[in-house]
Amino acid sequence: MSHEGIRFVSAEEAKRQDQQKPLPREATEPIKVRIHKTEGTGVEIDWKDGHRSSWSFPWLRNACPCATCHEERENQGRKPGEPKPKPTQLLPMYEAPIRPDTINPIGHYALQFIWNDGHQGGIYSWDYLRMHCQCDECKRVREPEKN
Ligand SMILES: [Zn+2]
Ligand SMILES: [Zn+2]
């Protein structure tokens, strides 16, 4: 008798796995990737499963998956894409709207942005992007308590 496939997981791990269900393959395979670099609006992806996602450049910058940004977000309790709290005092400084200077495809699985603030290094995998699809439908599924 084979015990293959039987694995005991702790309640904690089971909960975590439940929150991060692996996405079906068609959900993380883009058919079309549109990067609106000149317009400065963001990225749009049509997925194989018929879904369409889009993300603004500021969202993407604030969701940078690199270790440094990830750690900073964890420390500040921010979700991927959530902007940093702005200092409220003093005169607001003009900041150029965030956008990538360069976008590099990484193999067939990810994009890398080189941002106009000089930051780079975050690898945005299709999985990561799809997992953080910003459409109302996906937001509702991810955060049912907010809707
Ligand atoms: Zn980063
Ligand atoms: Zn969606």
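Scroll up to find the structure this text is about.
Residues numbered from 1 in each chain as written. Chains lettered and ligands numbered in written order. Predicted model: local features only at pLDDT ≥ 70, side-chain atom pairs only at ≥ 80, totals over all residues. Heavy atoms only, no water.

Next up on the list: the overall build of the protein. Scanning the protein from terminus to terminus reveals 5 helices and 6 strands. For the protein, the sequential pattern of α-helices and β-strands runs α-β-β-β-α-α-β-β-β-α-α. Put simply, the protein shows about 10,600 Å² of open surface, and 53% of that area lies on carbon and sulfur atoms. (Helix = DSSP H or I, 4+ residues; strand = E, 2+ residues; numbered from the N terminus. Areas by Shrake-Rupley, 256 points an atom, 1.4 Å probe, with all protein chains shown as cover.)

Before going further, it helps to spend a moment on the packing of aromatic side chains. Applying the stated criterion across every chain yields a total of 4 aromatic pairs. With a centroid separation of 6.3 Å and an interplanar angle of 70°, the aromatic rings of Tyr124 and Tyr128 are classed as edge-to-face. Both residues of the pair, Tyr124 and Tyr128, count as buried. Ring-pair connections join several aromatic residues into one group, and the members of that group are Phe57, Phe113, Trp115, Tyr124 and Tyr128. (Phe/Tyr/Trp six-rings, centres within 6.5 Å; stacked < 30°, edge-to-face > 60°. Buried < 20%, exposed > 50% of the residue type's maximum accessible area, 1.4 Å probe, protein only.)

This part is about the coordination of the zinc ion (ligand 1). Within the protein, the atoms that donate to the zinc ion (ligand 1) are Cys64 (SG), Cys66 (SG), Cys69 (SG) and His119 (NE2), at distances of 2.1 to 2.3 Å. Classification of the site at the zinc ion (ligand 1) rests on its 4 donor atoms, whose angles at the metal span 102 to 113°, yielding the label tetrahedral. Of note, the donors binding the zinc ion (ligand 1) are all from one chain and are spaced C-x1-C-x2-C-x49-H. With Cys69 in helix 3 (residues 67-76) and His119 in the loop between strand 5 (110-115) and strand 6 (123-125), the pair connects residues that are 50 residues apart, well separated along the chain. (Donors = N, O, S within 2.8 Å, 3.2 Å for Na, K, Ca; no water. Tetrahedral: all angles 85-135°; square planar, octahedral: opposite > 155°, others 65-115°.)

On to the coordination of the zinc ion (ligand 2), then. At 2.1 to 2.3 Å from the zinc ion (ligand 2) lie its protein donor atoms, namely His51 (NE2), Cys133 (SG), Cys135 (SG) and Cys138 (SG). Around the zinc ion (ligand 2), the 4 donor atoms sit at angles spanning 102 to 117°, and that spread fits a shape best called tetrahedral. Read from N- to C-terminus, the donor residues coordinating the zinc ion (ligand 2) fall into the pattern H-x81-C-x1-C-x2-C. Highlighted residues: His51 in the loop between strand 2 (42-47) and strand 3 (52-56) and Cys135 in the loop between helix 4 (126-131) and helix 5 (136-142), separated in sequence by 84 residues. The exposure class of His51 is buried, given its relative accessible area of 13%.

Residues Trp55, Leu60, Phe113 and Tyr124 are the most contacted members of the largest nonpolar core, which totals 20 residues. Broken down by secondary-structure element, the contributors of at least two residues to this core are strand 2, helix 2 (57-62), strand 5 and helix 4. Discounting chain neighbours no more than four positions away, the residues touching Phe113 are Val43, Phe57, Leu60, Pro100, Thr102, Ile103, His119, Gln120, Gly121, Gly122 and Tyr124. (Core = buried A, V, L, I, M, F, W, Y, C linked by side-chain atoms within 4.5 Å. Contact = heavy atoms within 4.5 Å.)

Time to look at the pattern of salt bridges. On inspection of all chains with the given rule, the structure shows 9 salt bridges. Residue Arg52 is joined to Asp46 by a salt bridge in which the shortest nitrogen-to-oxygen separation is 2.7 Å. Overall, the relative accessible area of 48% leaves Arg52 in the partly exposed class. Between Asp117 and Arg61 there is a salt bridge, and its shortest N-O distance comes to 2.8 Å. Here Asp117 is found in the loop between strand 5 and strand 6, whereas its partner Arg61 is found in helix 2, with 56 residues between them in sequence. Take Asp117: its relative accessible area is 43%, and that puts it in the partly exposed class. Arg61 sits in the buried class, given a relative accessible area of 14%. Salt bridges linked by common partners bring Arg34, Glu44, Asp46 and Arg52 together as one network. (Salt bridge = Lys/Arg side-chain N within 4 Å of Asp/Glu carboxyl O.)

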